[in-house]
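Summary of the model geometry
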Amino acid sequence: MRLSRIIMALTVGMAVLAAPTAAGAAQPQPAPGTGTPQPPVYPPGPATLAVSPPTVFVGQTATLIGSGWTPGETVIITVSTSPLAAAVPGAEQARRSNGEMVAMAPVSLQRAPQPSPSTIVVTADGAGNFRTTYTPRHPGRYTFRAVGQTSDQVATATLTVLKKHAPPLPVTGDSLSTPMKFGGGLVGAGAVLLLLSLVWRKRHRFGMGAAR
C-alpha cells in the first residue's frame, strides 16, 4: 500500500514539473541576441497570378494581381506574346467575292512584336500579395509568367488585347440629299446656260447675214 502511494506521489510530481517546460516550449523563442519573441514562420500558400480585366483594347491598362507568395520576396514576371486566334473578336478577317466573311490565315493576322520577352519585377508585401499595371501597345495574346525568387513558385495568367477600330461616320438621309440637290441644281443651271448660248449664236449669225 505504501509502495503504491509513493509511486503515485512521484508520478504527480513529475507531471507538475513537466507542465511549465511544455508551456515554455510552445511560446515563440526569442531571436538570438535580441530577447524579442519571433512570430512563427508559416510556409507560403499556393501562389496565384491574375489579370484584371482579362480583355482590353490597345492602349488600355490591365492590372496584374498576385497572392500566396512569400512575404517580401522578389517576383519576376516574364511577358511573351502570340497572335490572336481567328475566332477572337477583333482578329483580322477577309471578305470573299460573294460577300462571305472568312478568317484569315494565321500568317496574315496582326501580330504583336516578337522580340525577346520583356520582364516586370515586383516585391510581395508582408501578406505575400502584390499589384502592378501593364499597358499593351499592340494587339495579341499576352502571357505573364511569374516566378518567386525565394519560394521558386510559378504562376501564369493571360491577357487578350484587341485592335481598336475607328467608328464609322454616321450617314443620314439628309446628308445624302443635300449634295444630290446641289448637284442637280448645277446640272439644271448648266443646261439653261447652254440653251442661252445656242440661242445667242443663232441670233448673232442671223443678224450678220441680214447685214450683208
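Residues numbered from 1 in each chain as written. Predicted model: local features only at pLDDT ≥ 70, side-chain atom pairs only at ≥ 80, totals over all residues. Heavy atoms only, no water.

**Looking at the sheet that holds strand β3 (residues 62-67)**
Reading across the sheet, the three strands line up as β1-β3-β8 and stay open at both edges, with antiparallel pairing between neighbours. A single partner strand is all that each edge strand has here, and the edge strands are β1 (48-52) and β8 (130-134). Across this sheet, the average inter-strand angle for adjacent strands is 20 degrees, counted without regard to direction. Of the pairings in the sheet, the one linking β3 to β8 comprises five bridges and is antiparallel in character. Bridge pairing in β8 places A62 opposite Y134. (Pairing = 2+ DSSP bridges. Helix = DSSP H or I, 4+ residues; strand = E, 2+ residues; numbered from the N terminus. Axes fitted to C-alpha atoms, helices over the stretch in contact; angles between N-to-C directions.)

**Structural notes on the packing of aromatic side chains**
Inspection of every chain in the model, using the stated rule, returns three aromatic pairs. Geometrically, the ring pair formed by Y134 and F144 is edge-to-face, given 5.2 Å between the ring centres and 80 degrees between the ring planes. Separated by 10 residues along the polypeptide, Y134 in strand β8 and F144 in strand β9 (residues 140-148) bring together distant segments of the chain. Since its relative accessible area comes to 0%, F144 is described here as buried. Put simply, the rings of Y134, Y142 and F144 pair up and form one aromatic cluster. (Phe/Tyr/Trp six-rings, centres within 6.5 Å; stacked < 30°, edge-to-face > 60°. Buried < 20%, exposed > 50% of the residue type's maximum accessible area, 1.4 Å probe, protein only.)

**With respect to the sheet that holds strand β2 (residues 55-57)**
Across a sheet, paired strands are connected by hydrogen bonds in the backbone, their directions being either parallel or antiparallel. On the basis of which strands lie adjacent, the open sheet formed by five strands has the order β2-β10-β9-β4-β7 and mixed pairing. Of all strands in the sheet, those bounded by a partner on one side alone are β2 and β7 (118-123). In this sheet, adjacent strand axes meet at a mean angle of 25 degrees when their direction is disregarded.

**Thoughts on the nonpolar core**
Among the nonpolar cores identified, the biggest contains 23 residues, and L49, W69, I77, F144 and L159 are the most heavily contacted of them. At the level of elements, β1, β3, β4 (74-82), β7, β8, β9 and β10 (154-162) are the ones that each hand at least two residues to this core. Dropping the residues within four chain positions of it, L49 is found in contact with L64, I65, G66, F130, F144, A146, A155, T156 and A157. (Core = buried A, V, L, I, M, F, W, Y, C linked by side-chain atoms within 4.5 Å. Contact = heavy atoms within 4.5 Å.)

**Some points on the confidence of the model for the protein**
Averaged over all residues, the pLDDT of the protein is 74; the fraction at 70 or higher stands at 46%. A low-confidence stretch, residues 20-26 stays under pLDDT 50, and its non-local contacts, those more than four residues away or across chains, total one contact. Confidence drops under a pLDDT of 50 for residues 102-116, and excluding neighbours within four residues, the segment shows 26 contacts in the predicted structure. (pLDDT = per-residue confidence, 0-100.)

**Concerning the environment of T160**
The topology assignment puts T160 in strand β10. Residue classification places T160 among the buried residues on the basis of a relative accessible area of 10%. Sequence separation of T160 and P136 is 24 residues, and the distance between their C-alpha atoms is 9.7 Å.

**Brief notes about the side chain of Q153**
Along the chain, Q153 turns up in the loop between β9 and β10. For Q153, the side chain forms a polar contact with the main-chain nitrogen of A47, separated by 3.2 Å. (Polar contact = N/O pair within 3.5 Å; in protein donor to acceptor, adjacent residues only side chain to side chain.)

**Some remarks on the environment of T123**
Here T123 is to be found in strand β7. Here the alpha-carbon distance between T123 and E73, two residues 50 residues apart in the chain, equals 5.7 Å. Those residues within four positions of T123 in sequence are excluded, and the remaining contacts are G72, E73, T74, N129 and F130.

**A short note on the pairing of β3**
What you see with β3 is a clean split: A62, L64 and G66 sit on the buried side and T63, I65 and S67 on the side with no burial. Relative to β3, β1 is paired through five bridges, and the arrangement is antiparallel. Bridge pairing in β3 links L49 to G66.

**As for the pairing of β9**
Burial along β9 is one-sided: G140, Y142, F144, A146 and G148 are buried, while R141, T143, R145 and V147, pointing the other way, are not. Of the pairings in the sheet, the one linking β9 to β10 comprises eight bridges and is antiparallel in character. Bridge pairing links V147 to V154 in β10. Where β9 hands over to β10, the hairpin turn is made up of five residues, of which D152 adopts a positive phi near 60 degrees.

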